[in-house]
Amino acid sequence: MSQDTVKRDRPWLMRTYSGHSSAKASNELYRMNLGKGQTGLSVAFDLPTQTGYDSDHPLARGEVGKVGVPIDHIGDMEALFDAIPLDKMNTSMTINATAPWLLALYVAVAERQGVDPSALEGTTQNDVLKEYLSRGTYIFPPTPSVRLTTDLIAYTVENIPRWNPTNICSYHLQEAGATPTQELAYALSTAIAILDAVRDSGQIPPERFAAVVGRISFFVNAGIRFVEETCKLRAFGAMWEKMAKERYGVEDEKQRRFRYGVQVNSLGLTESQPENNVQRIVLEMLAVTLSKNARARAIQLPAWNEALGLPRPWDQQWALRMQQVLALETDLLEYGDLFDGSPVIEAKVQELVAGAEAEMARVAEQGGMVQAIESGYVKRELVVSHTRRMRDIESGELKIVGVNCYRETAESPLTAGADAGIMKADVQAERDQIAALQAFRAGRDQAVVASALEQLRAAAVGGANIMPPSIACARAGVTTGEWSEVLREVFGEYRAPTGIDIALAGQAGSAAMDQVRAGVRRTGEELGRPLRLLIGKPGLDGHSNGAEQIAVKGRDAGFEIVYEGIRLTPSQIARAAQEEGVHLIGLSVLSGSHLELVEDIQAELKKIGAGDLPLIIGGIIPDDDARQLLAGGVQAVFTPKDVDMNAIMARLVNIIRLHNGLEELA
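Residues numbered from 1 in each chain as written. Predicted model: local features only at pLDDT ≥ 70, side-chain atom pairs only at ≥ 80, totals over all residues. Heavy atoms only, no water.

Digging into unusual backbone geometry
Then, in step 1: Phi at Tyr 406 is positive, roughly 50°, even though this residue is not glycine.
Then, in step 2: Assignment of secondary structure puts Tyr 406 in the loop between helix H14 (377-395) and helix H15 (427-442).
Then, in step 3: Even without a glycine there, the phi angle at Ala 420 is positive, about 60°.
Then, in step 4: Judged by relative accessible area, Ala 420 falls into the partly exposed class, the value being 39%. (Helix = DSSP H or I, 4+ residues; strand = E, 2+ residues; numbered from the N terminus. Buried < 20%, exposed > 50% of the residue type's maximum accessible area, 1.4 Å probe, protein only.)

Dropping the structure here:
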């Protein structure tokens with residue numbers, strides 16, 4: 001048989017995760033990527049949109065258009081999909097707490113395009129439970145959040161039947177430190193919590209419930225240990241098949257199929273020697289493609305430079321071409337499953353299944369995933385796992401090429417250009433977005449807006465499905481902040497457990513750690529009280545892994561730690577620093593809003609007479625911005641390349657010592 005007549009499987013859906021600055025700029029990027037052969041869209045929304053704030057809200061300052069596209073109202077959504085026919089597009093939207101609202105806007109835009117909403121295809125991530133554990137873009141307490149997820153699922157199953165109404169996300173669990181066993185256990189426990197809630201809501205007749213199970217999809221992470229990751233995906237499929245059949249009585253094999261999309265591991269991308277990220281991404285892609293029976297249905301790959309900053313269009317093209325070469329040039333799609341019958345693979349799959357089932361039983365003993373989140377159990381387990389990983393990197397037991405081994409390198413031509421290998425968001429974009437939003441508000445029929453919001457409130461209070469009034473709000477010109485504010489008033493807001501109250505053996509045998517502890521103790525004695533460190537997460541960035549690890553490490557080193565979790569205002573941070581009498585403030589910002597937030601915090605500290613308090617910051621901070629921060633009074637800037645946490649702790653001790661007129665310790 002010639003190569004031309006070999007039957008090949010259809011390739012997976014190919015996406016790149018993108019969106020920045022404005023709806024217009026993002027639309028241009030989408031159309032460019034589609035022209036290069038991308039077969040679906042994956043929309044990144046900015047943090048104000050994800051957390052339910054309009055672009056002109058005080059908490060949105062510095063965050064507009066930074067990590068995604070700002071969507072304030074139907075006009076923005078219409079601009080985002082201008083000249084992109086929604087009846088011919090498969091769109092994935094990474095949105096959780098505000099998922100009903102963004103889907104409502106999408107439906108309203110489809111109507112304006114003349115598209116019947118029942119023809120729409122795509123996915124809303126809509127897994128809010130993992131937000132309490134990892135990304136932090138939750139708004140409401142878990143119970144009403146699950147209710148909103150349930151409403152969206154019930155509505156789409158009946159009205160948008162080709163839509164995937166929730167994407168259970170194990171991806172972000174791995175980013176938060178989950179082992180493969182934990183990733184399986186917590187994702188499947190989340191699926192149980194959501195499916196049970198839909199079933200118990202009574203919105204779907206029992207005879208239609210199999211259709212709900214059939215529309216559940218997953219968003220999975222794939223790390224560098226690609227053999228283990230392949231086994232994890234095979235375990236996922238087997239466990240989901242069993243759960244769908246035995247727990248939910250689904251007879252149709254197609255409705256029991258484990259359907260997942262994937263982005264390979266961004267946690268493992270390094271700022272040091274970032275060119276190594278290319279082979280990491282390719283190897284991680286193999287984990288979700290080699291096994292035909294556990295192959296991803298959609299793949300989006302990060303760009304090589306995401307640990308440095310915002311990828312350029314060319315960087316995203318490179319990531320897309322990786323997929324295209326694998327799918328079109330290799331013979332991968334010509335064969336059946338390469339791993340069926342392998343005793344090595346089967347043994348590892350069974351080991352993962354057994355471990356995941358045991359952890360799921362522990363979650364069930366607490367009453368299920370919602371209760372295990374509210375108690376802090378799951379968060380603590382993830383912090384423990386992540387801490388162990390970080391300490392293995394510190395000790396060298398876990399080797400990262402270019403980070404803790406083989407660090408010698410020639411200068412990379414990839415980062416040598418004038419742009420340093422990344423794209424920067426247009427600083428004017430936030431001002432333009434705010435001006436456009438205010439003009440949009442001024443041109444609305446306020447009576448129609450008020451009526452739509454009142455219907456939304458009535459549904460939230462009365463228990464009716466939230467989607468029909470949300471779609472009415474979208475048509476009426478309601479804004480993201482207005483929609484969310486009504487639900488905040490009805491449901492309240494929530495602060496999740498931080499997970500740093502863990503008991504983990506310290507590094508008693510580490511000479512470096514012993515030296516740090518001695519320095520902390522000596523400095524405290526010389527200053528007359530124990531050293532106290534405030535860890536602050538300002539702005540809307542909810543990626544708290546770094547802050548949590550510094551908090552745990554600082555406490556292990558002998559610091560007293562003040563850490564109140566994510567989404568603090570500059571005034572809250574300044575006030576806490578004063579009231580707690582801290583010696584140093586450490587900020588963690590990964591959203592790109594570091595310049596604005598540091599400026600605001602410094603201003604708040606000056607207001608209360610604490611302007612000379614030492615301030616440090618960690619995050620994804622380009623070199624130019626780091627120089628600007630240091631020139632503006634920040635004492636130290638740490639980025640992902642700074643993995644030696646003992647060295648970081650020693651640096652903090654010396655910053656405190658120098659600030660208080662003490663000599664620096666060696």
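Picking up after the structure, the text goes on.
Some points on the pattern of salt bridges
Then, in step 1: All chains considered together, the criterion is met by 49 salt bridges.
Then, in step 2: The residue Arg 61 makes a salt bridge to Asp 600 at a minimum N-O spacing of 2.7 Å. In this pair, Arg 61 is assigned in the loop between helix H2 (47-51) and helix H3 (74-80) and Asp 600 in helix H22 (residues 594-607), connecting sequence segments 539 residues apart.
Then, in step 3: Given the relative accessible area of 33%, Arg 61 is considered partly exposed.
Then, in step 4: A network of salt bridges, in which partner residues are shared, links Asp 196, Arg 199, Asp 200 and Arg 247. (Salt bridge = Lys/Arg side-chain N within 4 Å of Asp/Glu carboxyl O.)

As for the domain arrangement of the protein chain
Then, in step 1: Here the domain parsing of the protein chain yields domain 1 (11-385) and domain 2 (511-659).
Then, in step 2: On a C-alpha basis, the centres of domain 1 and domain 2 stand 33 Å from each other.
Then, in step 3: Taken together, the contact pairs 27 residues of domain 1 with 25 residues of domain 2.
Then, in step 4: Roughly 2,000 Å² is buried in total at the junction of domain 1 and domain 2, and carbon and sulfur atoms are behind 49% of that figure.
Then, in step 5: Counting every contact that joins domain 1 to domain 2 gives five salt bridges.
Then, in step 6: Glu 599 is paired through a salt bridge with Arg 61; the nearest N and O atoms lie 3.8 Å apart.
Then, in step 7: Linking domain 1 with domain 2 are twelve residue pairs in polar contact (both at pLDDT 80 or more), by the criterion used here. (Domains from an automatic or database assignment. Contact = heavy atoms within 4.5 Å. Buried area = accessible area lost by both parts, 1.4 Å probe. Polar contact = N/O pair within 3.5 Å; in protein donor to acceptor, adjacent residues only side chain to side chain.)

Observations concerning helix H17 (residues 467-476)
Structurally, the α-helix is built with 3.6 residues per turn, so residues lying three or four positions apart point the same way.
Then, in step 1: Within H17, seven of the ten residues are buried, which leaves it mostly tucked inside the rest of the structure.
Then, in step 2: Listing the buried residues of H17 in full gives Met 467, Pro 469, Ser 470, Ile 471, Cys 473, Ala 474 and Ala 476.
Then, in step 3: Where H17 is buried, its residues contact H3, helix H4 (99-112), helix H5 (142-159), helix H16 (446-462) and helix H18 (480-491).
Then, in step 4: The positive-phi residue at the C-terminal boundary of H17 is Gly 477, with phi of around 95°.

So, H16
Then, in step 1: For H16, spanning 17 residues, the distance from its first C-alpha to its last is 24 Å, which sits close to the expected 24 Å at 1.5 Å a residue.
Then, in step 2: For H16, every residue scored as buried is listed here: Val 449, Ala 452, Leu 453, Leu 456, Ala 459 and Ala 460. Projected down its long axis, H16 shows its buried positions confined to an angular sector of 115°, all on one face. The exposed set on the far side of H16, more than 90 degrees from its buried face, consists of Ala 447, Val 461 and Gly 462.
Then, in step 3: Contacts made by the buried residues of H16 are with H5, H17 and H18.
Then, in step 4: N-capping of H16 is provided by Asp 445, with a side-chain oxygen placed 3.1 Å from the backbone N of Ala 447.
Then, in step 5: Among the residues trailing H16, Gly 463 stands out with phi positive, at a value near 90°. (Expected span 1.5 Å × (residues − 1). Arc of directions from axis to C-beta.)

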